[in-house]
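# Chain and residue survey
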Amino acid sequence: MNQHTKKRVALVSGGSRGLGKAIALELLHAGWCVSVGSRSQPDLGDWGDALHWSPYDARDPESEQAWVASAAAQLGGIDAVVHNAGILSSTSVIDATEAEVDDLLMVNVKSPRRITQYAWPYLKQSDQARVVVVASLAGKRVRTAEASLYALSKAAALSLTHGIRHCGEKEGIRATAICPGFIATDMAEHVPADIQAKITRPEDVATVVQTVLSLPFTASIAEIPINWQVESEY
């Protein structure tokens with residue numbers, strides 16, 4: 001074990017850019033050790049032994065298992081997993097091919113489930129274990145036909161979070177779904193410029209994630225919807 005074993009350790013998927021990078025930096029600044037799983041090595045600055053990286057591809061289950069094992073070995077355990085990696089789709093549930101459906105569910109749902117499963121033995125050893133799934137407001141309502149396939153995957157991710165919550169109850173593992181609307185990352189590049197200036201910043205969501213991970217076991221929060229505008233529901 002190294003000098004950081006007394007610090008809490010978080011895994012962050014897709015932490016090399018966008019929201020994942022913001023979450024990783026927020027946790028590092030808050031004193032966490034962070035293991036980033038991503039296809040490319042992140043440029044997060046020099047954090048010494050507090051920062052760990054492992055190649056991770058949501059379409060490659062072997063990379064998931066290797067990441068979890070490497071992070072636990074290098075950082076002395078796992079206290080939290082933040083499932084941030086995901087892909088977007090603008091295809092409807094009627095127009096989608098089976099390959100499109102399978103790929104979206106592979107990345108947005110099946111990979112987070114497997115990573116949680118691999119990390120579970122380590123989470124059980126933590127005295128404040130947490131799992132955060134970055135779902136989406138799309139998982140709570142379907143606004144257009146073009147958003148329906150993506151919404152399907154995020155609704156499944158939301159249900160996954162609730163399933164983890166129930167599985168972790170006796171083990172002392174809390175789980176929370178973060179459900180943002182548009183975020184100012186490359187996934188919102190198609191949004192008009194005037195809206196780009198108004199939508200939620202990655203740093204805003206990162207602050208919420210860090211807060212959730214810091215809450216005591218007595219505070220169980222299942223979902224947190226985050227929106228940049230007022231909707232009738234959210």
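The preceding data block contains the structure.
Anyway, here's the lowdown on the structure attached to this text. (Residues numbered from 1 in each chain as written. Predicted model: local features only at pLDDT ≥ 70, side-chain atom pairs only at ≥ 80, totals over all residues. Heavy atoms only, no water.)

## Quick notes on helix H6 (residues 202-214)
For H6, with 13 residues, the first-to-last C-alpha span of 19 Å sits near the 18 Å given by 1.5 Å per residue. Residues of H6 that are buried include every one of Pro202, Val205, Ala206, Val209, Gln210, Val212 and Leu213, and no others. Considered in projection along H6, the buried side chains sweep an arc of 160° and stay on one side of the axis. As for H6, its buried residues are in contact with helix H1 (18-29), strand S4 (80-83), strand S5 (129-134), strand S6 (173-180) and strand S7 (223-226). (Helix = DSSP H or I, 4+ residues; strand = E, 2+ residues; numbered from the N terminus. Expected span 1.5 Å × (residues − 1). Buried < 20%, exposed > 50% of the residue type's maximum accessible area, 1.4 Å probe, protein only. Arc of directions from axis to C-beta. Contact = heavy atoms within 4.5 Å.)

## Considering the packing of helix H2 (residues 61-75) against helix H3 (residues 98-124)
Axis separation between H2 and H3 bottoms out at 10 Å; the angle between their running directions is 30°. Between H2 and H3, the interaxial angle falls into the category roughly parallel. Between H2 and H3 lies a crossing whose hand is right-handed. For the pair H2 and H3, contact is made by Pro61, Glu64, Gln65, Trp67, Val68 and Ala72 and by Ser111, Arg114, Ile115, Tyr118, Ala119 and Tyr122, respectively. A per-class count over the contact of H2 with H3 returns eight nonpolar, two polar and two charged. (Axes fitted to C-alpha atoms, helices over the stretch in contact; angles between N-to-C directions. Parallel < 35°, antiparallel > 145°, perpendicular 65-115°, else oblique. Left-handed = near helix turned anticlockwise from the far one by under 90°. Nonpolar A, V, L, I, M, F, W, Y, C, P; charged D, E, K, R; others polar.)

## Thoughts on the packing of aromatic side chains
Per the stated rule, a full pass over the model turns up one aromatic pair. Relative to Trp67, the ring of Tyr56 lies with its centre 5.2 Å away and its plane at 35°, an arrangement referred to as tilted. Separated by 11 residues along the polypeptide, Tyr56 in the loop between strand S3 (51-55) and H2 and Trp67 in helix H2 bring together distant segments of the chain. Given a relative accessible area of 6%, Tyr56 falls into the buried group. Judged by its relative accessible area of 0%, Trp67 falls in the buried class. (Phe/Tyr/Trp six-rings, centres within 6.5 Å; stacked < 30°, edge-to-face > 60°.)

## Some points on the nonpolar core
Of all hydrophobic cores here, the largest spans 29 residues; its most connected members are Ile23, Leu27, Val34, Ile178, Val209 and Leu213. The set of elements that each furnish at least two residues to this core consists of strand S1 (9-13), H1, strand S2 (33-38), S4, S5, H6 and S7. Considering every element that reaches this core, the biggest residue donor is H1, with six residues. Sequence-distant contacts of Val209, that is, excluding residues within four places in its chain, are made with Ile23, Val82, Val132 and Ile178. If you look at the next biggest cluster of nonpolar residues, it comprises 23 residues, including Leu11, Ile78, Val81 and Ala175. (Core = buried A, V, L, I, M, F, W, Y, C linked by side-chain atoms within 4.5 Å.)

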